[in-house]
Number of protein chains: 6
Amino acid sequence: MSKVQLIGNELTNIPWQDRPAGSKEIMWRHSENPIIGWNPIEKAARIYNSAVLPYKGEFIGIFRADYRDGIPRLHVGRSKDGLKWVIEEEAIKWKDTKGNDYDPGYAYDPRLVELDGKYYMVWCTDFGGPTLGLGVTEDFEHFTRLENVFIPFNRNGVLFPRKIDGKYMMLSRPSDSGHTPFGDIFISQSYDLEYWGHHRRVMTSGCTWWQGKKIGAGAVPIETSEGWLLLYHGVNGTCNGYVYSIGAALLDLENPSKVLYRTRDYILTPEKDYEVSGFVPGVTFPCSTLYDAKTGRIAVYYGAADTYLAVAYTDADTLINHIKENSFLLPGDEEEYR
Amino acid sequence: MSKVQLIGNELTNIPWQDRPAGSKEIMWRHSENPIIGWNPIEKAARIYNSAVLPYKGEFIGIFRADYRDGIPRLHVGRSKDGLKWVIEEEAIKWKDTKGNDYDPGYAYDPRLVELDGKYYMVWCTDFGGPTLGLGVTEDFEHFTRLENVFIPFNRNGVLFPRKIDGKYMMLSRPSDSGHTPFGDIFISQSYDLEYWGHHRRVMTSGCTWWQGKKIGAGAVPIETSEGWLLLYHGVNGTCNGYVYSIGAALLDLENPSKVLYRTRDYILTPEKDYEVSGFVPGVTFPCSTLYDAKTGRIAVYYGAADTYLAVAYTDADTLINHIKENSFLLPGDEEEYR
Amino acid sequence: MSKVQLIGNELTNIPWQDRPAGSKEIMWRHSENPIIGWNPIEKAARIYNSAVLPYKGEFIGIFRADYRDGIPRLHVGRSKDGLKWVIEEEAIKWKDTKGNDYDPGYAYDPRLVELDGKYYMVWCTDFGGPTLGLGVTEDFEHFTRLENVFIPFNRNGVLFPRKIDGKYMMLSRPSDSGHTPFGDIFISQSYDLEYWGHHRRVMTSGCTWWQGKKIGAGAVPIETSEGWLLLYHGVNGTCNGYVYSIGAALLDLENPSKVLYRTRDYILTPEKDYEVSGFVPGVTFPCSTLYDAKTGRIAVYYGAADTYLAVAYTDADTLINHIKENSFLLPGDEEEYR
Amino acid sequence: MSKVQLIGNELTNIPWQDRPAGSKEIMWRHSENPIIGWNPIEKAARIYNSAVLPYKGEFIGIFRADYRDGIPRLHVGRSKDGLKWVIEEEAIKWKDTKGNDYDPGYAYDPRLVELDGKYYMVWCTDFGGPTLGLGVTEDFEHFTRLENVFIPFNRNGVLFPRKIDGKYMMLSRPSDSGHTPFGDIFISQSYDLEYWGHHRRVMTSGCTWWQGKKIGAGAVPIETSEGWLLLYHGVNGTCNGYVYSIGAALLDLENPSKVLYRTRDYILTPEKDYEVSGFVPGVTFPCSTLYDAKTGRIAVYYGAADTYLAVAYTDADTLINHIKENSFLLPGDEEEYR
Amino acid sequence: MSKVQLIGNELTNIPWQDRPAGSKEIMWRHSENPIIGWNPIEKAARIYNSAVLPYKGEFIGIFRADYRDGIPRLHVGRSKDGLKWVIEEEAIKWKDTKGNDYDPGYAYDPRLVELDGKYYMVWCTDFGGPTLGLGVTEDFEHFTRLENVFIPFNRNGVLFPRKIDGKYMMLSRPSDSGHTPFGDIFISQSYDLEYWGHHRRVMTSGCTWWQGKKIGAGAVPIETSEGWLLLYHGVNGTCNGYVYSIGAALLDLENPSKVLYRTRDYILTPEKDYEVSGFVPGVTFPCSTLYDAKTGRIAVYYGAADTYLAVAYTDADTLINHIKENSFLLPGDEEEYR
Amino acid sequence: MSKVQLIGNELTNIPWQDRPAGSKEIMWRHSENPIIGWNPIEKAARIYNSAVLPYKGEFIGIFRADYRDGIPRLHVGRSKDGLKWVIEEEAIKWKDTKGNDYDPGYAYDPRLVELDGKYYMVWCTDFGGPTLGLGVTEDFEHFTRLENVFIPFNRNGVLFPRKIDGKYMMLSRPSDSGHTPFGDIFISQSYDLEYWGHHRRVMTSGCTWWQGKKIGAGAVPIETSEGWLLLYHGVNGTCNGYVYSIGAALLDLENPSKVLYRTRDYILTPEKDYEVSGFVPGVTFPCSTLYDAKTGRIAVYYGAADTYLAVAYTDADTLINHIKENSFLLPGDEEEYR
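Residues numbered from 1 in each chain as written. Chains lettered and ligands numbered in written order. Predicted model: local features only at pLDDT ≥ 70, side-chain atom pairs only at ≥ 80, totals over all residues. Heavy atoms only, no water.

Caption draft 1: Up close: the environment of Arg111 of chain E. Residues and elements named next belong to chain E. Structurally, Arg111 can be placed in strand S9 (residues 107-115). Classification of Arg111 by relative accessible area gives buried; the value is 1%. Between the alpha carbons of Arg111 and Ile62 there is a distance of 7.7 Å; along the sequence they are 49 residues apart. Those residues in contact with Arg111 that lie beyond four places of it in its chain are Ala51, Tyr120, Met121, Val122, Asn156, Gly157, Val158, Ala217, Gly218, Phe285, Pro286 and Cys287. (Helix = DSSP H or I, 4+ residues; strand = E, 2+ residues; numbered from the N terminus. Buried < 20%, exposed > 50% of the residue type's maximum accessible area, 1.4 Å probe, protein only. Contact = heavy atoms within 4.5 Å.)

Structure follows, in structure tokens:
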């Protein structure tokens, strides 16, 4: 049992590989990466930035599937071991709250969270510009489209796995209408998932170069004895475009707009062929985790090069001790921004 | 009495000039424009985009005052006739809801509405980028800063003067972090002015050139027998920058995300010296109106060239009949956008 | 009679004012400028960049009329003296060559030329981007839309007033889809006004700053004993946008892709209130001339500030001697570019 | 024999590989790709976007060769099997129509067509900006430079392999002076290859993301029983630059500005190492085909990563049935645009 | 005699007007502004950003003269009263240090200082991009071109009127190759005006909006009992371009890279017609001063709208007390930057 | 012994491989490239653009080490054979000239030269924007920070290995504050390494495409019998970013602002996986050489893909004869500019 406590369930069948001998990496890659390659299903060219959960003793997920028309859509996938995935051939079919069919147009970068016994999804939807779509299912067969969280322009919405002080909590990154050369992480609150307010800024980009251009929430935060563990992406602006790396932070458990610790350094950056080369070179983009509260093991699912799905591993002690010992807060991170 | 009915109070002392003989203008300028010129108070170089209301038989307003440091702040002003204004020498001093002093940093383009017996202000505030600030007063001496309405980036927030279906209604224009070369009008809803949702797109920019780049809500909508009367600004992109003109629309009374009619043409555009030349050439920017429900007279307050405050007049019959007879809806304006 | 010979007709009623006493200007403004001001007809806010011709002892023209929806359209106008114009209330109604109605969408910056006893117009039309529209009339009551001259993107097309070597000659400025920060003058040839080829580059922008950003043909060239006299606009890029000035060139009579002389300096630049201030500050844009072959008098019609129509005067000796004595050719101007 | 008929000659020695067992690809890659690698001849670093034809029982082609000075030039190449190519060490030497030497400066992306017993080339040439150069040969030893087709800015010109209604037909893509973030396919007509007119817009970019930024004609259209078969490229704008994929369309045989069918999806996109990585990552750019009218086999030559020449295969039935069954027309594609 | 002491000579014939009655302005305009209007000499359209000095009991200056070709050049001008100027018809003719003729190409925004009994000029010259040219004269008839101060890109060089610690001191603003949307003031040192080093950053732009985009040194600093008095320009970025205002600072006498005080507010901003409208709207650009050490009177010469030369007045007590009482230092201003 | 004479020492242990049989390459890659890969030391993710020298019979160098926070810093490294390097775990610790600790912030792209018995380093440092930092050591254990060479913005500073005409000579590339889409090589002179002047432009970018966007000095020039041998980088602007190649020039021995010869073609361009793919695709960036005056052997150290350190070889005869026989000077290269 780890000294740092992950709050949650035991997950004995979590995908896992021990850290390679001699490695000092904080997060180490699955040796058989990528776990999903080019053209995994008939309709989709690339399945990558995607979100998974334990489900009935196995695993389930919502996957970003870029079709051959270039448009991303959401598919359900299932797996026994979390590594070999069977993706449904058809995209999710939505009903709105009145029971009418709903066509989401494009949909990408889903995040998935179990909350109050239901499964909620947040993704990037079109609403006269990109913003956050919200939906719910109880069985991964019937899906209900809820109200959009915000007006445009927004991306990278992540819902916390439980209410805090009676309120749902949503991380997001205000964006612009294009490829957005800036971006901080904000948090918004809601009593009912319909009306949102009491917005606060959580973390800023800048200062260290790997996250100098923008940052965005990655996986659903994991509750730990040391705070909410947030994996996020940071973006470096090079002379040939953007590079997306992975960082981590600990947020205050009761007031998650306050950053307790935050990694000065990335903990994973594009280095492997499947990360530096593909549809979009230089992307490692975390969207979800699995974790085993008993052992502290964490499996991170991340999109690679906007082409592949990949997995990396860490454990609670390694990661959280690293965050605390290598923290570097930017101005405003600690404070509650008005 | 006019055939088109404005819903509201009699306002016998409304500033007024009849339409000049021979003029076919839908909206005609006050003959002594501008009513506020350069350096009107010691601290401020320019007072322009501002919002006024009848108050205790006279008039009161919240004024955008650009200081000599270039930063805009909000001042209270008072007037007996709505034309000669005495602006307070000091900016509004805010308390937050806990009674602590609150410093808003920059603050611009206020809108002011009487609602449930209080006076609410919406303006553009800094929140890691521009977004909508919200505040309230009952006496124009004590001001309380409420929660920000949205996360960034947003401008041109306008609150309806009554609840609809039990909910507050807020128009706004999602923006970007700079001078925003695009922009549509959205509407958001709230039961408590703290949590906002059920967002809908109201109107799009485009098609006719005077509003080809972007549009934004102007004055607080006036309830009429024909729908909500909304004055808004539209922006034309020329080879030497933007030109801001004034247009008008009628929104459905019970479902204001639906546009009933909308002027194909601007109804006022920069033509006068004080509109085409100044700190920012080519701006007529409506922020508020006064109206007399008995006669249908409407006085429009608009900023000119980001330098001056000016007034123009119209009456309910002239304006609303013009809107209905010269309407041109863009795709999506009529529909309820998901 | 002037020593430099303008080839063409006597035009005794040409608008005219002598050069002011003491002035050394090459081109001097009409003392009652502008001749058309704001809102000249009910539908149009601004009438400016426009083209005129002598017609049945009086004058006629095709006028750019920017409507209150911001969209430019073409109107016919008539004048007895060339200064006071009666503009038709309705835009030109086109038939295509099969006799069907044709709606041109937007239409701006017309040039008008008498050629083979007919009147041809070239203007900027929409064809999946701006390019040159072409039309013809014999009576200014019936107008026929001909084939577009080019694929996009093009602006400032000017047709020569006679065939050269059996071919029609068209000047134009290849552009981009926006406000085009570059631009040279090219010439294209046609036997039938339907099929164009044998394109050559005539003149380049650059070097002297008043024409450093781009240049474009202005008025229909005047045949003279010294070559084709071309008035053109040159654009200076300042830190606050573009400034449009007027220059002049002499092109070889038989090979008009060859520049004989070209003014190093502008001959008119925005200086007057109606030129430096208006809808677009800083524009003097020549679109047509009237000239009297007997006296050598030339009246130049130019748009001012994208708002007004203005007139300036010069005479053949003054202008052409100036061009020849103050010429500065850029690399490639003299040569026939492949 | 295929049910869909390709109009043309038998070509028994066409390069060919059957579709891999189990593959459902519409277009499958040659197993030994790329067929031309880095530094294929002494002068050139990269030979890629190139055009080939059957010639005297063997094969011949015009190749884009990027020299070590970075400048592209055109070389003749010859092959017995269409896969192993011998490229001439010297660039094509041009004469103009008067027999003088002509130096084309840079020259890239050639297309080659047999027409009226001669071989015509269209490529991107410099004419004060990029536009379409045109040349002809009868023996691939003597080359004559003809008139430029258009004034700038233009790229991706493709000549039809026969006259239609007595006129030559040229596809092209109006561009700007840089890397052009937009682009549709137009068609122009000529009786003599010297004078061009009757321009029409054929197809627009947009809607599906793989062709959301721009599109351009690829190989010379193949006449078929179902219409002109056009392979074209579509460009997706990602946060790290452009990705060029291959699509296909069927144009009306007698009125080729009318699109009958058009693939909703790309049929080949950069996936292989030699496509996603090289001088310019993420490019598959079709420039020519060989086809055998008897069997319906089609070999597609495409540039990869602006570095390599590669080949892919399809057959008439597979490709054309796919186009017809997966078609998605954009607004205006079907109509004849004025 | 003023309490704040200006170090220097008596200048009894300094141009002067008392502050208008009732005015609280820190700097008030000459009532007959502008003192130089359009087309002041035959060759030049506009004379504006220019530098003057007392000379032999009268006044002399170096004037920026924009010719009718749009290119700025430097002319000598002379005046008896500092208000009516006679500008030489020919530009300054330079010799290099070897006595050869030197043609400076364009030359703009000169500053002029008497130093060691000679007159030195610094201006913006072309050196493969804009940078600082340096020249010297003893009689305003013979001018010697010295070495360029820096490699590109630089503008707004201002030389101190005496050595400090044995070294010449030069203020400058590192720029870019275009219209430069940023800029701070740096200082460099030299023993011989040929070799420069020991560079330090003096002041940063930002924070207050009137100087939010960039700042640049204006007039030659005046030595005072309170420090070096520096007038500088600050630039506000609006949605329609830049606005140039005037501010002031006091630098440490012995270590002028250290800012003692600096005006939070502009002290003059474009308000008058000749400042907000002209060749470039919205510019007040200080280039030089005259001052009378006995009375403390200061006359400021500033360019207006890149078109006119204008004068404003202040006195030592008024200005310097204002600076000290309304100072707002930005981070780094006080420190010696490495 | 080579016919072209390299001036300098014998270096018998220079890393070396003969040109591969059959190769005609002017510069051939080390067969075991890259010599430094991902994560070479605990703190640094990537070590690449770096500078080496012979030192006490072995080799020493200053290495650009990009830390896991994305920020580059400088480390000392040592090697016995010039290929296997031991990099110090800690960054260089600086003292300023007063003996105080100095923290350089970021530091990248070092160049290292032995001069007057000391070792001088030039690199890109932050000084309110990037410019050239300068430092010195005698033992690679104690490092002294000297004055910055220039005010911003500058990069790619290279110091000559001996004084010329009594003066130190520094090559540099004036830049802008971002990724700089332009850039020429300039030279500046100094008697004392503190004060710099007599700036001249050496070489321009443009014309040939591989160096069409910008150029920058690479390794410290090698004195030869034919002039100073300068390896430099040239940048090609593609639709997906920049490509950095290597070229070479010969500068006049006594007047190095004069270019004698300059390669029309690159001599090495990104082709290998470790050059076209990595943190920044498409970079080969030379920073230093080793050479053996006896044999004429030259080993070039270059950064690859902003990720790896690689080595290539050439010899004096091969390289210098190639430069002289394949030279192509741009306008101004030969002349002394100014």
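Caption draft 2: A look at the pairing of strand S17 (residues 214-217) of chain B. Residue and element names in this part refer to chain B. Both faces of S17 are covered, namely the face carrying Lys214 and Gly216 and the face carrying Ile215 and Ala217. In this sheet, strand S19 (residues 227-238) lies alongside S17 in antiparallel orientation, the contact comprising four bridges. What sits directly across from Lys214, in S19, is Val235. (Pairing = 2+ DSSP bridges.)

Caption draft 3: Fine view of the relation of the copies chain A and chain B. Placing chain A over chain B gives an RMSD of 0.0 Å and needs a rotation angle of 180 degrees, together with 0.0 Å of translation along the axis. Each copy turns onto its partner about a two-fold axis. The fraction of interface residues of chain A whose copies in chain B are also interface residues reaches 100%, indicating that both copies meet through the same surface. (Least-squares fit on C-alpha atoms with pLDDT ≥ 70 in both.)

Caption draft 4: Spotlight on the sheet that holds strand S10 (residues 118-126) of chain C. Residues and elements named next belong to chain C. Read from one edge to the other, the open sheet built from six strands follows the order S8-S7-S12-S11-S10-S9, with strand pairing classed as mixed. The strands lining the two open edges of the sheet, one partner per strand, are strand S8 (101-102) and strand S9 (107-115). Across three bridges, strand S11 (residues 130-137) lies against strand S12 (residues 143-145) in antiparallel orientation. Its bridge partner lying in S12, Thr137 is registered against Phe143.

Caption draft 5: Examining the interface of chain F and chain E more closely. Facing the 37 residues of chain F at the interface are 37 residues of chain E. Here chain F and chain E share an interface that buries about 3000 Å² over both sides, 59% of which is from carbon and sulfur atoms. Across the salt bridge formed by Arg200 of chain E and Glu147 of chain F, the nearest N and O atoms sit 3.0 Å from each other. Seen at the junction of chain F and chain E, the total is nine residue pairs in polar contact (both at pLDDT 80 or more). Breaking the side of chain F that touches chain E down by element, the ones donating at least two residues are strand S14 (168-174), strand S15 (185-190) and strand S16 (195-203) of chain F. A per-class count over the side of chain F that touches chain E returns 15 nonpolar, 12 polar and 10 charged. (Buried area = accessible area lost by both parts, 1.4 Å probe. Salt bridge = Lys/Arg side-chain N within 4 Å of Asp/Glu carboxyl O. Polar contact = N/O pair within 3.5 Å; in protein donor to acceptor, adjacent residues only side chain to side chain. Nonpolar A, V, L, I, M, F, W, Y, C, P; charged D, E, K, R; others polar.)

Caption draft 6: How the structure looks around the relation of the copies chain F and chain E. Note on the identical chains: chain F maps onto chain E by a rotation of 180 degrees and an axial translation of 0.0 Å, with an RMSD of 0.0 Å. Interface overlap between copies: 100% of the residues of chain F at the interface are likewise at the interface in chain E, consistent with a symmetric, same-surface contact.

Caption draft 7: Layout of the interface of chain A and chain B. Counting residues at the interface gives 36 residues for chain A, matched by 37 residues for chain B. The junction of chain A with chain B conceals about 3000 Å² of combined surface from both sides, 59% of it contributed by carbon and sulfur atoms. Scanning the region where chain A abuts chain B turns up two salt bridges. For the interface between chain A and chain B, the tally reads nine residue pairs in polar contact (both at pLDDT 80 or more). Of all the secondary-structure elements, those providing two or more residues to the side of chain A that touches chain B are strand S14 (168-174), strand S15 (185-190) and strand S16 (195-203) of chain A. Top contributing element to the side of chain A that touches chain B by residue count: S16 of chain A, with seven residues. For the side of chain A that touches chain B, the class distribution of residues is 15 nonpolar, 12 polar and nine charged. Judged from the three bridges that link them, S16 of chain A and strand S16 (residues 195-203) of chain B form a sheet pairing that is antiparallel. Looking at S16 of chain B, one finds that Trp196 of chain A is bridged to Trp196 of chain B.

Caption draft 8: Highlighting the pattern of salt bridges. Residue and element names in this part refer to chain C. Counted according to the given criterion, the structure contains 114 salt bridges over all chains. Of the charged contacts in the structure, one is a salt bridge between Lys84 and Asp81, with a shortest N-O distance of 2.6 Å. Note on Lys84: relative accessible area 61%, which makes it exposed.

Caption draft 9: Quick look at helix H2 (residues 316-325) of chain D. All names here are of chain D. The element H2 is largely enclosed, with a buried count of seven among its 10 residues. Restricting attention to buried positions, one finds in H2 the residues Ala316, Asp317, Thr318, Leu319, Ile320, His322 and Ile323. Contacts made by the buried residues of H2 are with strand S18 (222-224), strand S19 (227-238), strand S20 (241-251), strand S21 (259-262), strand S23 (297-304) and strand S24 (308-315). For H2, the capping residue at the N-terminal end is Asp315, with a side-chain oxygen 3.2 Å from the backbone nitrogen of Asp317.

Caption draft 10: Structural view of the sheet that holds strand S22 (residues 284-292) of chain B. All names here are of chain B. Spatially, S1-S24-S23-S22 is the arrangement adopted by the four strands of the open sheet, whose pairing is antiparallel. Edge strands, defined here as strands with exactly one partner in the open sheet, are strand S1 (28-29) and S22. Two strands pair when backbone bridges link them, and strand S23 (residues 297-304) and strand S24 (residues 308-315) are joined in this way by eight bridges, in the antiparallel orientation. For Ala299, the partnering residue across the bridge sits in S24 and is Tyr313. Taken strand by strand, helix H2 (residues 316-325) contacts S23 and S24, and its axis lies near 85 degrees from that of S24. (Axes fitted to C-alpha atoms, helices over the stretch in contact; angles between N-to-C directions.)

Caption draft 11: Focus on the packing of aromatic side chains. Evaluated as defined, the whole model comprises 118 aromatic pairs over all chains. With centroids separated by 5.8 Å and ring planes inclined at 35 degrees, the aromatic side chains of Trp210 of chain F and Tyr232 of chain F adopt a geometry described as tilted. Note that Trp210 of chain F is positioned in the loop between S16 and strand S17 (214-217) and Tyr232 of chain F in strand S19 (residues 227-238), a separation of 22 residues in sequence. Each member of the pair Trp210 of chain F and Tyr232 of chain F is classed as buried. Over the face of the ring belonging to Tyr67 of chain A we find Arg73 of chain A, whose NZ or CZ atom lies 4.4 Å from the ring centre. One residue, Arg46 of chain D, lies across the ring of Phe279 of chain D, its end atom 3.6 Å from the ring centre. (Phe/Tyr/Trp six-rings, centres within 6.5 Å; stacked < 30°, edge-to-face > 60°. Lys NZ or Arg CZ within 6 Å of the ring centre and 35° of its normal.)

Caption draft 12: Inspection of the pairing of strand S5 (residues 72-79) of chain B at higher detail. Residue and element names in this part refer to chain B. Most of S5 sits inside the fold, with six of its eight residues counted as buried. Here eight bridges tie strand S4 (residues 58-67) to S5, and the two strands are oriented antiparallel to one another. Residue pairing for S5: Phe63 is matched across the bridge by His75. Joining the antiparallel neighbours S4 and S5 is a turn of four residues, in which Gly70 adopts a positive phi near 90 degrees. Once S5 ends, the chain turns through six residues before running back antiparallel as strand S6 (residues 86-87), passing Gly82 with a positive phi of about 80 degrees.

Caption draft 13: Structural context of unusual backbone geometry. A cis amide bond, omega 5 degrees, links Pro152 of chain E with the succeeding residue Phe153 of chain E. Non-glycine residue Cys207 of chain F carries a positive phi angle of around 70 degrees. With respect to the helices and strands, the residue Cys207 of chain F is situated in the loop between S16 and S17. Classification of Cys207 of chain F by relative accessible area gives partly exposed; the value is 47%.

Any link to function would need more than the numbers given here.
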